[in-house]
Amino acid sequence: GAGATVTIVVQPMAATTLTDVAGVSATEADLNPADNTASVKTIALAAPILTQQMQGGNVVLSWPVAAGNYAVDSALSMTPPVVWQPVAMTPTVVSGRYVLTIPVNSAAPSCFYRLRQAP
């Protein structure tokens, strides 16, 4: 028999449990109709919260280590099209949180940050 692979990508906005169900059918006689459906439950976790503090001339960003592999991006404006660039710094771990200390750029006093799930 033939086979196929289906990939479903979901980006939930809140923690939840998702159930994916797939079924197949054919025009030929099925000797085992009990194996024509499959379901998978997935627990989706909420995205981590990025916190920001000002310390002297630095912006200090942090997020929980337990969140997994995330990277920080920055943009100088929120006017479309928004251009996000990776922040080329490696965070340190302090008390169970990733911490990035970024010097404020006086030539570009407004800067926006986001967390992006890294591959």
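Owing to the predicted nature of the structure, the values given are computational and were not obtained by experimental measurement.

Engineer: Just checking my understanding: could you explain the sheet that holds strand 5 (residues 70–75) for this structure?
Structural biologist: The strands that make up a sheet are held in pairs by hydrogen bonds between backbone atoms, and each pair lies either parallel or antiparallel. With antiparallel pairing, 3 strands are arranged side by side in an open sheet as 6-5-9. Two strands in the sheet have a free side with no partner beyond their single neighbour: strand 6 (85–86) and strand 9 (112–117).

Engineer: I'm lost on the packing of aromatic side chains in this one. Help?
Structural biologist: Describing an aromatic ring pair means giving the distance of the ring centres and the angle of the ring planes. Tallied over the entire structure, the rule returns 1 aromatic pair. Plain terms: the ring middles of W63 and Y98 are 5.5 Å apart, the flat faces sit at 35 degrees to each other, and that makes the pair tilted. Here W63, found in strand 4 (residues 58–64), pairs with Y98, found in strand 8 (residues 97–103); they are 35 residues apart in sequence, far enough to count as distant. On the basis of relative accessibility, which here comes to 22%, the residue Y98 falls in the partly exposed class.

Engineer: Help me understand the side chain of S74, please; the structure alone is not making it clear to me.
Structural biologist: By the secondary structure assignment, S74 is in strand 5. Overall, the relative accessible area of 17% leaves S74 in the buried class.

Engineer: Help me out: how do you make sense of the pattern of salt bridges in this one?
Structural biologist: Should the charged atoms of two oppositely charged side chains come close, the side chains can pair. Enumeration according to the criterion identifies 2 salt bridges in this entry. For the salt bridge of R114 with D73, the shortest nitrogen-to-oxygen distance reads 3.1 Å. In this pair, R114 sits in strand 9 while D73 sits in strand 5, placing the two residues 41 residues apart along the sequence. For D73, a relative accessible area of 3% corresponds to the buried category.

Engineer: Just checking my understanding: could you explain the layout of surface pockets for this structure?
Structural biologist: Once rolled over the atoms, a probe with the size of a water molecule shows which space is left empty. Of the pockets and cavities examined, the largest pocket occupies roughly 510 Å³. Surrounding the largest pocket, 15 residues form its lining, P12, L45, A47, Y70 and Q117 being those nearest its centre. Here the lining of the largest pocket takes 3 residues from strand 9, the largest share from any one element. Here the lining of the largest pocket is composed, by residue class, of 12 nonpolar, 2 polar and 1 charged. Taken as a whole, the second largest pocket encloses approximately 400 Å³ of empty space. Contributing to the lining of the second largest pocket are 18 residues, with A4, V6, A22, G23 and V24 lying nearest its centre. Breaking the lining of the second largest pocket down by element, the ones donating at least two residues are strand 1 (16–23) and strand 2 (37–44). It is strand 2 that provides the largest number of residues to the lining of the second largest pocket, a total of 5 residues. Each residue belonging to the lining of the second largest pocket can be placed in one class, and the counts come to 9 nonpolar, 7 polar and 2 charged.

Engineer: Explanation requested: the nonpolar core in the structure shown.
Structural biologist: Soluble globular proteins: nonpolar side chains tend toward being buried together. By size, the foremost hydrophobic cluster in this structure holds 10 residues: V59, L61, W63, Y70, V72, V87, L100, I102, Y113 and L115. Contributing elements (two or more residues each) for this core: strand 4, strand 5, strand 8 and strand 9. Among the elements that line this core, the one with the most residues is strand 4, at 3 residues. Those residues within four positions of L61 in sequence are excluded, and the remaining contacts are L50, T51, Q52, V72, Y98, V99, L100, I102 and Y113.

Thresholds applied
- Residues numbered from 1 in each chain as written.
- Predicted model: local features only at pLDDT ≥ 70, side-chain atom pairs only at ≥ 80, totals over all residues.
- Heavy atoms only, no water.
- Pairing = 2+ DSSP bridges.
- Helix = DSSP H or I, 4+ residues; strand = E, 2+ residues; numbered from the N terminus.
- Phe/Tyr/Trp six-rings, centres within 6.5 Å; stacked < 30°, edge-to-face > 60°.
- Buried < 20%, exposed > 50% of the residue type's maximum accessible area, 1.4 Å probe, protein only.
- Salt bridge = Lys/Arg side-chain N within 4 Å of Asp/Glu carboxyl O.
- 1 Å grid on protein atoms, 1.4 Å probe; cavity = no way out; pocket = protein on both sides within 12 Å on 5 of 7 lines; lining within 4 Å.
- Points joined across faces, edges and corners; volume = space filled by probe spheres on them.
- Nonpolar A, V, L, I, M, F, W, Y, C, P; charged D, E, K, R; others polar.
- Core = buried A, V, L, I, M, F, W, Y, C linked by side-chain atoms within 4.5 Å.
- Contact = heavy atoms within 4.5 Å.

None of this, on its own, says anything about what the molecule does.
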